[in-house]
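Now for the letters of each chain:
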Amino acid sequence: MNTHPAGRILRAVLLTLLYLFLLAPIIVVFIESFDDSTYLRFPPEGFTLDAYRQVFANADFRSGIQVSAVTAAVTTLLALVTGVPAALALTRLRFRGRDAVESAFLSPLLVPHIVLGLALLVLFAPIPLTDTYWGLILAHLGVTVPYVVRTVSAALAGADPRAEEAARTLGAGRFTVLRRVTLPAALPGLVSGAIIAFLLSFDETVISLFVSGQSTRPLPVAVLQYVEYRSDPSIAALSVCLVLLSVAAVVVVERSLGLRRSLRS
């Protein structure tokens, strides 16, 4: 390990340049969100908060935020209801076909979203589930459940099963062991999976394009349709708000569980 002062300075400079390179797009969007122009330009020539006012004054954006929030909340709840028992079964039980079941839960991660979207459109159109909340929720479940299964399985795999055995030896029932021992051990992975599921559902664009419509148009689709005809600082302001939402989710995990502990799980 290089302990020379010049080596440490060079390392700090390289890390700073790397972080600036990675954060440059976000910094540019943040600065652009305060521009007083009616079109996107950089560098901005004026300063105003009108772009943020326009975001919340735009009826399509408000409606999109509502649709995305409701869809993401219900999707996250159902992903937990589906993913947590699946993770428990995959980590605590040994049964024939276990590998096939695990592959089935994780397989949506390997399929391009445009293929999933087209397949869901063909499936939902005759029912009909297109342009409905339940259509969006079911479509988003396919891409959020694998993350819940993965994070909760990782947390359970890192937990000591002897604690559960000790609880059963001391007379605790299966439900008590699950509630008092197993789920607390899986809490970091559960919270991480829930936040990932919410953010993925809220930000899902490709699949939503196929199954949404005018009645249930989530925010990413509303933004995509907006920029087809206009490109102004309100898009940058909305992007900043979404970035802050993601940062707030990370802060919640860090404050409640510790980000490193959650990621290790």
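Described in the following lines is the structure provided in the data block.

Definitions and cut-offs
- Residues numbered from 1 in each chain as written.
- Predicted model: local features only at pLDDT ≥ 70, side-chain atom pairs only at ≥ 80, totals over all residues.
- Heavy atoms only, no water.
- Axes fitted to C-alpha atoms, helices over the stretch in contact; angles between N-to-C directions.
- Helix = DSSP H or I, 4+ residues; strand = E, 2+ residues; numbered from the N terminus.
- Parallel < 35°, antiparallel > 145°, perpendicular 65-115°, else oblique.
- Left-handed = near helix turned anticlockwise from the far one by under 90°.
- Nonpolar A, V, L, I, M, F, W, Y, C, P; charged D, E, K, R; others polar.
- Expected span 1.5 Å × (residues − 1).
- Bend = angle between axes of the 7 residues up to and from the residue.
- Core = buried A, V, L, I, M, F, W, Y, C linked by side-chain atoms within 4.5 Å.
- Buried < 20%, exposed > 50% of the residue type's maximum accessible area, 1.4 Å probe, protein only.

**A closer look at the packing of helix α3 (residues 59–92) against helix α6 (residues 133–158)**
Between α3 and α6, whose axes approach to 6 Å, the crossing angle comes to 40 degrees. Here α3 is positioned oblique relative to α6, judged by the angle of their axes. Of the two possible hands of crossing, α3 and α6 adopt the one that is right-handed. For the contact of α3 with α6, the residue count by class is 21 nonpolar, 9 polar and 1 charged.

**Quick look at helix α1 (residues 5–32)**
Compared with the 40 Å implied by 1.5 Å per residue over 28 residues, the 38 Å span of α1 between its first and last C-alpha is a close match. Of all the bends in α1, the greatest, near 50 degrees, is centred on L23, and the proline P25 appears no more than four residues after it.

**Describing the nonpolar core**
Burial of nonpolar side chains together is a common tendency in soluble globular proteins. Residues V84, V148, V152 and L156 are the most contacted members of the largest nonpolar core, which totals 17 residues. Elements that contribute at least two residues to this core include exactly α3, α6 and α8 (174–203).

Interpretation note: all reported values are geometric properties and have no functional meaning in isolation.
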